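# What the coordinates show
As a plain string of letters, each chain reads:
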Amino acid sequence: MPLLLLAAAVVAVISPPPAVPLNEAAHAIEAGRLDQARIMIGDAVKAGATGDAIDRLLADLDFESGDFQSALVRYGLLLGKHSGDLGLAEHAGIAAVHTGDIARAAILLERATTSPTASWRAWNARGVAADFRSDWTVADLSYSKALALNPGRAETVNNLGWSLLLRGRWAEAAEQLEKAATLDPKNARIANNLDLAQAAATQDLPQRRTAENDSDWSARLNDAGVMARFRGDQKRAIAAFAQAIEARSQWYERAANNLALSQAGSAPTAQ
């Protein structure tokens, strides 16, 4: 083989694969094509891509895939180098809410929502974090901002309804949850919350639905007991927890614990 051709063959063997434009992977994530995005990111890494751009894509991929724990770790590392990036703070704050790290979520989302371009998701998540801390002023502000940005989002309306439930404002809660149910009539969580609000408003326990399994029935009864306990209705709380125990499902232990706490005068736990 001529020397020139041999050299060309060697170059062909050792040349890296063509790099995948990272903006294409980012667009795939935004469009929900997560498997495609995963392949594209893998190809980019094989082609030698490294650094914050790849780390951001991996964090976003974890986030959109529902792996919030991993996403939070990745976003945290990126924020250590880019503390002023409010987009990172928004995603990290939402991930923190999903992992139950409410203290961290509150800090991140307060920072994220200083941005005029903060999304409805950021404001909605900030409202959820505020509910966990019983900070009703921030909760009201957050849900108001979220709904102004996306008025027809059932998720936010439901969260506002649940927030009002936690405060014992049953009629207002039922009104919001009815709106949420209209926006998303097939959502079981919204239906359960509406049922709970209506039961709390009428002082009656939720009625078992046709073909409802023991697990769902017990969960709703347990929630009804929690709401009654928050309102100070000891008799109704005990009745709800006792009925949940009778259903003998996976909620048995939690309902039993709540019954014991109610009888002892302590605060029970919700879902």
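This text goes with the structure placed above it.
For the structure given in this document, a descriptive report is provided here. (Residues numbered from 1 in each chain as written. Predicted model: local features only at pLDDT ≥ 70, side-chain atom pairs only at ≥ 80, totals over all residues. Heavy atoms only, no water.)

### Side note on the nonpolar core
Membership of the largest hydrophobic core comes to 52 residues, with the highest contact counts inside it found for Phe63, Tyr75, Val97 and Leu165. A total of seven residues in this core trace back to one element, the largest contributor, which is helix H6 (residues 86-99). Once residues within four sequence positions are removed from consideration, phenylalanine 63 is found in contact with Phe68, Ala71, Tyr75, His91, Ile94 and Ala95. (Core = buried A, V, L, I, M, F, W, Y, C linked by side-chain atoms within 4.5 Å. Buried < 20%, exposed > 50% of the residue type's maximum accessible area, 1.4 Å probe, protein only. Helix = DSSP H or I, 4+ residues; strand = E, 2+ residues; numbered from the N terminus. Contact = heavy atoms within 4.5 Å.)

### Looking at the environment of serine 115
Following the sequence through the fold, serine 115 ends up in the loop between helix H7 (102-112) and helix H8 (120-132). Among the residues examined, serine 115 registers a relative accessible area of 14% and is labelled buried. A sequence separation of 30 residues divides serine 115 from aspartate 85, and the C-alpha atoms of the two residues are 9.9 Å apart. Within the structure, serine 115 has its side chain in polar contact with the side chain of threonine 117 (distance 2.9 Å). (Polar contact = N/O pair within 3.5 Å; in protein donor to acceptor, adjacent residues only side chain to side chain.)

### Remarks on the packing of helix H3 (residues 34-46) against helix H4 (residues 52-65)
Between H3 and H4, the shortest axis-to-axis distance is 11 Å and the interhelical angle comes to 160°. Judged on the interaxial angle alone, H4 and H3 are roughly antiparallel. Of the two possible hands of crossing, H3 and H4 adopt the one that is left-handed. Between H3 and H4, the contacting residues are Leu34, Ala37, Arg38, Ile41, Ala44 and Val45 on the first element and Ile54, Leu57, Leu58, Leu61, Glu64 and Ser65 on the second. (Axes fitted to C-alpha atoms, helices over the stretch in contact; angles between N-to-C directions. Parallel < 35°, antiparallel > 145°, perpendicular 65-115°, else oblique. Left-handed = near helix turned anticlockwise from the far one by under 90°.)

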